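Below are the chains, spelled out letter by letter.
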Amino acid sequence: MKYLSDIIEGLAFTELQGSADIEISAVVFDSRKVVPGSLFVAVKGTLSDGHDYIAQAINDGAVAVICEVLPPRVTGEVDFLMVANSAIALGIVAANFYDNPSSKLKLVGITGTNGKTTIATLLYKLFRDLGYKCGLLSTVENQVNGQVIASTHTTPDPVELNELMSEMVDLGCDYCFMEVSSHAIAQHRIEGLKFSGGIFSNLTHDHLDYHKTFDSYLKAKKTFFDELPANAFALTNSDDKNGNVMLQNTKAHKKTYGLKSMADYKARILENQFEGLHMQIDSEQVWFKMVGTFNAYNLLAVYAAAMLLEQDKAKILTSLSKLTGARGRFDYIVAPNKIIGIVDYAHSPDAVQNILSTIHDIRKGNEKVITVIGCGGDRDKTKRPIMAKTACEWSDKVILTADNPRSEDPAQIIKDMEAGVDAAFRRHVLSIVDRREAIKTACMLAQPGDIVLVAGKGHEKYQEIHGVKNHFDDMEELVAIFKDLN
């Protein structure tokens, strides 16, 4: 239990009605979660406005309300604080309510279009292997020193974020590694957090349904680096044209990593095959279990961050050589008849090209590549034809299918994808709405040694159709089909 006066410390508000000398039992922004003694923060969201639920929150026991606009009727029994931006206020009061846990951890945020989950997961695994207690906040899962907590968003809301970090502090964690999505930055979900470092992976076409323009998407990412403190590090990919943009105006200690251009941390790929990567990192040659150029960048980013966090070079490389990445990222199995099945989360044009170009680079001969791919519903429609076109350019055969159609008609999503298929590729493309049937068809078309890539869903264990999440796991499907092929 804390006093309102403590929770609003550092909060800029235009007006206070009532006394700040009251006890607060919880900070909530969802009126359905109000308990007696709550501070309710009325946030304007994309689908609903918290201001519409102030009366309900008070009725359910809220004793204080933070809002941008006062409701028509104000009861004298409730404190009201007016602010310019409730979303920013939520981050500040949530951090204060949980005693600012991020300031008691070394918090490192990873942002970019691709690679966030792998980099965060590898850092978490690495530092645990080095003997530290750590936390992980990622798309695949959240972890508090080995305890797995289900993940629903790439970056949780401010209340959940601070609650999780508070648990990490209570358990004696030294570090927390978290993905920082562009949505989270734009929606001020990381407001009030104290970062020790930020990592930028790359920036490509994605999330334009939300940000509308690429420039807005870029600016959201850049905001994260602009707000890093002077005692933090800002680590960016020098091979990405937007890497240096991220470093402009940041007060943080600037560092870069890269495979091609000049950088503070350099690496070179010596061998790239299904068995792993042979790389030279800062004059040291190391074998890694992970595959592909995109993972070479991920591994280098992790190495560089660990060095900036003052870890021993030899121990970093030894530990990294043993680690695997995040679930659903280039997971592969081999059927008894030698067909190779790969499951990957690739769901943007650049990610699709990365995974397929990697397959192209490491296949040993004339094996055919059959790609099963779809696009999510209620998301950026402009990337649908581009993803289909990319898949066609790098595959011998493509099967367009449903991903998570959500509220959209999956057949219409596939039509949007078909618009990107050039006439020269059309005879190599099938459209099968049912994802299970599409995966099965791809496996039936494959010959021994061929590669079947199932892209888009990766680690997800569900398929969302008309708002209902049905159990569906791409790897489970491949395993079952390969068993039948035996």
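Summary of the structure given here. (Residues numbered from 1 in each chain as written. Predicted model: local features only at pLDDT ≥ 70, side-chain atom pairs only at ≥ 80, totals over all residues. Heavy atoms only, no water.)

1. Examining the overall build of the chain
Scanning the chain for helices and strands turns up 16 helices and 26 strands. The C-alpha extent of the chain, read off along each of the three principal axes, is 75 × 50 × 40 Å. Within the chain, the fraction of its 486 residues that count as buried is 56%. Looking at the chain alone, contacts between residues at least 24 apart form 64% of all its contacts between residues at least 6 apart. Entry remark: accessible area of the chain is about 20600 Å², with carbon and sulfur atoms responsible for 49%. On the chain, the mean spot of the 51 positive side-chain charges and the mean spot of the 62 negative ones are 6 Å from each other. (Helix = DSSP H or I, 4+ residues; strand = E, 2+ residues; numbered from the N terminus. Buried < 20%, exposed > 50% of the residue type's maximum accessible area, 1.4 Å probe, protein only. Contact = heavy atoms within 4.5 Å. Areas by Shrake-Rupley, 256 points an atom, 1.4 Å probe, with all protein chains shown as cover. Lys, Arg positive; Asp, Glu negative; His and termini not counted. Charge placed at Lys NZ, Arg CZ, Asp CG, Glu CD.)

2. Quick word on helix α10 (residues 293-308)
Compared with an ideal rise of 1.5 Å per residue, which puts 16 residues at 22 Å, α10 spans 23 Å between its outermost C-alpha atoms and is within 8% of the ideal. The element α10 is extensively covered by neighbouring structure, given that 14 of its 16 residues are classed as buried. Following α10 by one or two positions, E310 has its phi on the positive side, about 65°. (Expected span 1.5 Å × (residues − 1).)

3. Regarding the sheet that holds strand β5 (residues 38-41)
With mixed pairing, the five strands of this open sheet are ordered in space as β2-β7-β6-β5-β4. Each edge of the open sheet carries a strand with a single partner, namely β2 (15-17) and β4 (26-28). Geometrically, the sheet is characterised by an average inter-axis angle of 15° between neighbouring strands, direction not taken into account. Here β2 pairs with strand β7 (residues 79-82) via three bridges, running antiparallel. The partner of E15 across the bridge, within β7, is M82. (Pairing = 2+ DSSP bridges. Axes fitted to C-alpha atoms, helices over the stretch in contact; angles between N-to-C directions.)

4. What about the pairing of strand β9 (residues 134-137)?
Here β9 shows a buried face lined by C134 and L136 and a second buried face lined by G135 and L137. For β9 and strand β12 (residues 175-179), the ladder comprises four bridges, and the chain directions are parallel. The residue bridging L137 from the neighbouring strand is M178, located in β12. The pairing of β9 with strand β10 (residues 141-144) spans three bridges and is antiparallel. Paired with L137 across the two strands is N142, which belongs to β10. Between the end of β9 and the start of β10, which pair antiparallel, lie three residues.

5. Structural notes on helix α12 (residues 349-362)
Helix length check: α12, at 14 residues, gives a terminal C-alpha distance of 20 Å against a target of 20 Å (1.5 Å per residue), a fit within 8%. Within the sequence span of α12, burial applies to P349, A351, V352, I355, L356, S357, T358, I359 and I362. Contacts from the buried residues of α12 go to β16 (265-273), α10, β20 (340-344), β21 (369-373), α13 (383-394) and β24 (451-455).

6. Regarding the sheet that holds strand β23 (residues 429-431)
Spatially, six strands are ordered β19-β20-β24-β21-β22-β23 in an open sheet, and the strand pairing comes out mixed. Every interior strand has two partners, whereas the edge strands, β19 (331-334) and β23, have only one. Taking the axes of each pair of neighbouring strands and ignoring which way they run, one obtains an average angle of 15° across the sheet. Examined bridge by bridge, β21 and β24 share four bridges and lie parallel to one another.

7. Quick word on the packing of aromatic side chains
According to the stated counting rule, one finds 13 aromatic pairs in the structure shown. Consider the rings of Y265 and Y303, whose centres lie 6.2 Å apart with planes at 85°: the pair is edge-to-face. Here Y303 lies in helix α10 and Y265 lies in strand β16, a separation of 38 residues in the sequence. Measuring from centroid to centroid gives 6.3 Å for F330 and Y332, while their planes differ by 75°, and the two rings are edge-to-face. The partly exposed category is assigned to Y332, whose relative accessible area is 34%. What links up through ring pairs into an aromatic cluster is the set F127, Y132, Y175 and F177. Sitting over the ring of F97, K2 keeps its end group 5.6 Å from the ring centre. (Phe/Tyr/Trp six-rings, centres within 6.5 Å; stacked < 30°, edge-to-face > 60°. Lys NZ or Arg CZ within 6 Å of the ring centre and 35° of its normal.)

8. Digging into the environment of G456
Its place among the elements puts G456 in the loop between β24 and β25 (462-465). A relative accessible area of 5% means that G456 is categorised as buried. With 76 residues separating them in the primary sequence, G456 and D380 have C-alpha atoms 14 Å apart. With near-sequence residues (within four places) excluded, G456 lies in contact with D344, Y345, A346, H347 and D403.

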